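A look at the structure
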Amino acid sequence: MIITKTPFRMSFFGGGTDMESFFKENGGSVLSTTFDKYCYVNVRHLPRFFDYSTELSYSKTERVTDIDAIEHPAIRNAMKMLDMHEIRLTYEADLPARSGLGTSSSFAVGMLNAFYALKGKYASKKQLADEAIYLERVLCDEAGGWQDQIAASFGGFNRIDFNADGYSVHPIIISPERKKRLNDNLMMFFTGFTRFSSDIQKANHLDDESKTKQLKEMLTLVDEAESILTDQSKDLDDFGRLLDVTWKLKRQTGKSVSTNNIDNLYDKGITAGALGGKLLGAGGGGFLVFYVQPEKQMLVKEAMKDLLYIPFKFEDGGTQVIYYGPEDYSPLEDK
């Protein structure tokens, strides 16, 4: 039995520039971190006592005898890609799916990690990221960028740069004290709205020069945000103010990025004292994150009292196998 633990990610700057259609021509950069909320994938070989050969448990339960009959596209394609047979797979998570935290990509990375472990093979962080991108963007034909798979695989607070040749991951070098202060000044709230990221991405597909212009402006903010974090002489509160700038640009990149309800919630947070914030993910719902100075945090909590507040801490681990249990059954054995 294998259990993998894979973090969710929080993207601050550059979201949208990780779309292949954009960065192949313009380059791209994303500033993001993983944090201490995870998804767990449990995989083991399924004994041959049942009238089905594969059992899957996520938001629903599937029991099939043919891989092609699996409804979940990521599981179906991943099993084919890695030649997996006769397994039981279960999925659990600390936070809901379709909420702007890269949950589907964290699942894809954790599942691939579990499959390799079950085969007794090691897969590097880059291999897991590359194969998760291929799984979601090519095999499953889901619209979206590359940052989520990379963040889930590598973990930590990183700048991820994209170009025509691929991507590179650069950890943000920041003092522990400054990093803790940033963490303490961020507040996350669940809006209660969930949506499929790929649907939002399709609705916001880059089809005109104005959207590309906004993304180019958002790309320039990554350098400025990184400088604020790493330069001790700079005011860390400017990171929050810059979040407000990038959110206003993000809202202009597609009609599905925000809604009237999201706009109202965001305005409430700013009025209550937040210096800035943004909706996490492609848009349309999920989690709102605000940068709030400590003395204003109770006012923001009161303004957001109808939403669920989610405390969190940054984490550095990336996906990992947390349990590698004894396996006394192999599907290759004779009956």
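In this text, all values refer to a predicted model and were calculated from it rather than measured experimentally.

**Comments concerning the overall build of the chain**
- When you go through the chain residue by residue, the secondary structure sums to 11 helices and 13 strands.
- Computed over the C-alpha atoms, the radius of gyration of the chain is 20 Å, within 12% of the 20 Å expected from 2.2 N^0.38 for a compact globule of 335 residues.
- Each of the three principal axes of the chain carries a C-alpha extent, and together these read 65 × 40 × 35 Å.
- Considering the chain as a whole, with its 335 residues, one finds that 57% of them fall into the buried category.

**Comments concerning the nonpolar core**
- F13, L89, M111, F115 and F239 are the most contacted members of the largest nonpolar core, which has 71 residues in total.
- Broken down by element, this core gets its largest block of residues, 10 residues, from helix 3 (residues 103–118).
- Counting 15 residues, the second-largest nonpolar core is a separate cluster that includes I262, L265, L279 and L288.

**Some thoughts on unusual backbone geometry**
- Despite not being glycine, D83 has its phi angle at roughly 55°, a positive value.
- When you line up the elements, D83 lands in the loop between helix 2 (73–81) and strand 5 (87–93).

**Concerning the packing of aromatic side chains**
- Summed over all chains, the structure comprises 17 aromatic pairs.
- Where F12 meets F157, the ring centres are 5.8 Å apart and the plane angle is 25°; that geometry is what we call stacked. Taken together, the residues span a long stretch of sequence, with F12 in strand 1 (residues 2–13) and F157 in strand 6 (residues 157–163) at a distance of 145 residues. Of the two residues, F12 and F157, neither departs from the other in class, the shared state being buried.
- Measuring from centroid to centroid gives 6.3 Å for F189 and F290, while their planes differ by 65°, and the two rings are edge-to-face. Taken as a pair, F189 in strand 8 (residues 186–190) and F290 in strand 10 (residues 287–291) lie far apart in primary sequence, 101 residues in all. The same class applies to F189 as to F290, namely buried.
- An aromatic cluster of at least three residues, connected via ring pairs, comprises F12, F13, F35, F157, F239, F312 and F314.

**A word on a nonpolar patch on the surface**
- Together, Y134, V138 and L139 give the surface a local cluster of nonpolar side chains, amounting to about 260 Å² of exposed area.
- Its place among the elements puts V138 in helix 4 (residues 125–139).

**Some points on the pattern of salt bridges**
- Here the structure, examined in full by the defined rule, presents 21 salt bridges.
- For D316, the salt bridge is made with K179, and the minimal N-O distance between the two is 3.2 Å. Here the residue D316 occupies a position in the loop between strand 12 (314–315) and strand 13 (320–324), and K179 occupies one in helix 6 (residues 176–184), the gap between them amounting to 137 residues.
- Among the salt bridges present, the one from R241 reaches D235, with a minimum N-O distance of 3.7 Å.
- A residue is classified by how much of its surface remains accessible, and R241, at 36% relative accessible area, is partly exposed.
- Residue D235 is classed as partly exposed on the basis of its relative accessible area of 36%.
- Connected via shared salt-bridge partners are R159, D161, D223 and E226.

What counts and how
Residue numbers here run from 1 along each chain, matching the order of that chain's written sequence. Owing to the predicted nature of the model, reporting of local features is limited to residues with pLDDT of at least 70; listing and counting of side-chain atom pairs is limited to 80 or more, with chain, interface and lining totals taken over all residues. Excluding hydrogens and water, the side-chain values take into account all heavy atoms of the structure. Here a helix means four or more residues in a row that DSSP labels H or I, a strand means two or more in a row labelled E, and each is numbered from the N terminus. For the radius of gyration, the atom set is restricted to C-alpha positions; the globular benchmark scales as 2.2 Å times the number of residues to the power 0.38. Note on exposure labels: buried denotes an accessible area under 20% of the residue type's maximum, exposed denotes more than 50%, and partly exposed covers the range between, all computed with a 1.4 Å probe on protein chains only. Take the buried residues of types Ala, Val, Leu, Ile, Met, Phe, Trp, Tyr and Cys, join any two whose side-chain atoms come within 4.5 Å, and each joined set is a nonpolar core. Within 6.5 Å between ring centres, the rings of Phe, Tyr and Trp (the latter by its six-membered ring) count as paired, and their orientation is classed by plane angle as stacked under 30 degrees, edge-to-face over 60, tilted in between. For patch building, the residue pool is restricted to those with more than 30% relative accessible area and no salt bridge; the joining distance is 9 Å between like charges and 5 Å between nonpolar side chains (Val, Leu, Ile, Met, Phe, Trp, Tyr). Computed by Shrake-Rupley with a 1.4 Å probe, the accessible areas treat only the displayed protein chains as cover when residues are assessed. One side-chain nitrogen of Lys or Arg within 4 Å of one carboxyl oxygen of Asp or Glu is enough to make a salt bridge.

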